[in-house]
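What follows is each chain in one-letter form.
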Amino acid sequence: MQEIIKAIEESAIKIKYLIETGDTGKSESENSTGDTQLKLDIESDEIIEDIFKKIPSIKAIVSEEQEAIVNLHENGKYLIAYDPLDGSSLVDVNLSVGSIFGIYENEFNAKNIVASVYVVFGPRVEMVVTTTDVKMYRLLNGEFKFIQNIKLNEKGKLNAPGSTQNCWAPFHKQLIDDIFNDGYRLRYSGGMVPDLHQILLKGGGLFSYPGTSDRPKGKLRQLFEVFPFALAYEKAGGQAVDGFKRVLEVQTSHIHDTTPCFFGSNTEIKRVLEVYSKNV
């Protein structure tokens, strides 16, 4: 595991340089879910794959930017699903973006996730590693240095409501309105990594990306985005649910499956579960 984390650190330093110097334009291709790939997406993906290929403990990888699983080392122990540059469309307006890694054993599904890592590329580069607890590191003078453990409070103050609002169910809109009416503050950049990172560091709140009329199963990918952050939120003392149950109990039938998801501290997640149980 330490070998993998070191590999992610190496990739983060290279991706940081790519973000600072690379072309933010669109490529000629789409990824498996129909999104037009930016050149940064493709180049970040190549950086990570090239580094992971050198790690004997990695059996196979799958990227959000690729269609299929890539087998690396037959005797490897770990499977890694990753989003090489989440929120890449925000780079050209200089907002924070990130990389997300879910580390699995045996097969790619929620019950087999054993660790997760995400990296935030903002004014500072920070890496959050989740194993039995949640630790944050910061890139200082070319090395990642431990900064703090992360724990959520029982209740937070931030509300980050995602997805297309005119496609929300009326009860979901009412839930979000009620949360704001209770004094929560809007914090939403359109980048999953910085928004979830902010809630973790500020002690709590709610990030939501529900099923909608245009995307009943949500937009965020299980293996690359949702499960890694679900592990982090649970280990930090919070919760991650799909509206009805733990996200880490959601079944995966295809590597690019999506799911509705809500991440937060316990008070906010309890509220989500109560509303959804009455309305769906």
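Residues numbered from 1 in each chain as written. Predicted model: local features only at pLDDT ≥ 70, side-chain atom pairs only at ≥ 80, totals over all residues. Heavy atoms only, no water.

**Q** Which residues make up the pattern of salt bridges, and what values do they have?
**A** Pairing between side chains becomes possible if they bear opposite charge and their charged atoms approach one another. This model, assessed by the stated rule, comprises 14 salt bridges. Between aspartate 133 and lysine 135 there is a salt bridge, and its shortest N-O distance comes to 2.6 Å. Owing to a relative accessible area of 22%, aspartate 133 belongs among the partly exposed residues under this scheme. For lysine 135, a relative accessible area of 24% corresponds to the partly exposed category. Between aspartate 242 and lysine 245 there is a salt bridge, with its nearest N and O atoms 3.0 Å apart. A relative accessible area of 10% places aspartate 242 in the buried class. Via salt bridges that share partners, Glu234, Arg246 and Glu249 belong to a single interconnected network. (Salt bridge = Lys/Arg side-chain N within 4 Å of Asp/Glu carboxyl O. Buried < 20%, exposed > 50% of the residue type's maximum accessible area, 1.4 Å probe, protein only.)

**Q** Describe the pairing of strand S6 (residues 97-105), listing the residues and the values that go with them.
**A** Of all the nine residues making up S6, eight are buried; the element is thus mostly covered by neighbouring parts of the structure. Of the strand pairs in this sheet, strand S5 (residues 78-86) and S6 are connected by seven bridges, and their pairing is antiparallel. Within the sheet, the bridge partner assigned to aspartate 83 lies in S6 and is isoleucine 100. When S6 meets strand S7 (residues 113-121), the two strands line up antiparallel, connected through eight bridges. When the sheet's bridge partners are listed, isoleucine 103 is paired in S7 with alanine 115. (Helix = DSSP H or I, 4+ residues; strand = E, 2+ residues; numbered from the N terminus. Pairing = 2+ DSSP bridges.)

**Q** Tell me about the UniProt feature "binding site: Mg(2+) 2" (unreviewed entry) in the protein, and name the residues and values.
**A** Using the residue numbers shown here, the UniProt feature "binding site: Mg(2+) 2" (unreviewed entry) corresponds to Asp83, Asp86 and Glu225. With the annotated positions falling across 143 residues, the maximum pairwise C-alpha distance of 8.6 Å places them together in a single cluster. For aspartate 83, the location among the structural elements is in strand S5. Judged by its relative accessible area of 2%, aspartate 83 is buried. Not counting residues within four places of it along the chain, the set of residues in contact with aspartate 83 comprises Glu64, Glu65, Gly98, Ser99, Ile100, Phe224 and Glu225. Topologically, glutamate 225 is positioned in helix H5 (residues 222-235). Owing to a relative accessible area of 2%, glutamate 225 belongs among the buried residues under this scheme. (UniProt positions renumbered as here; feature names shortened; annotations may be inferred. Contact = heavy atoms within 4.5 Å.)

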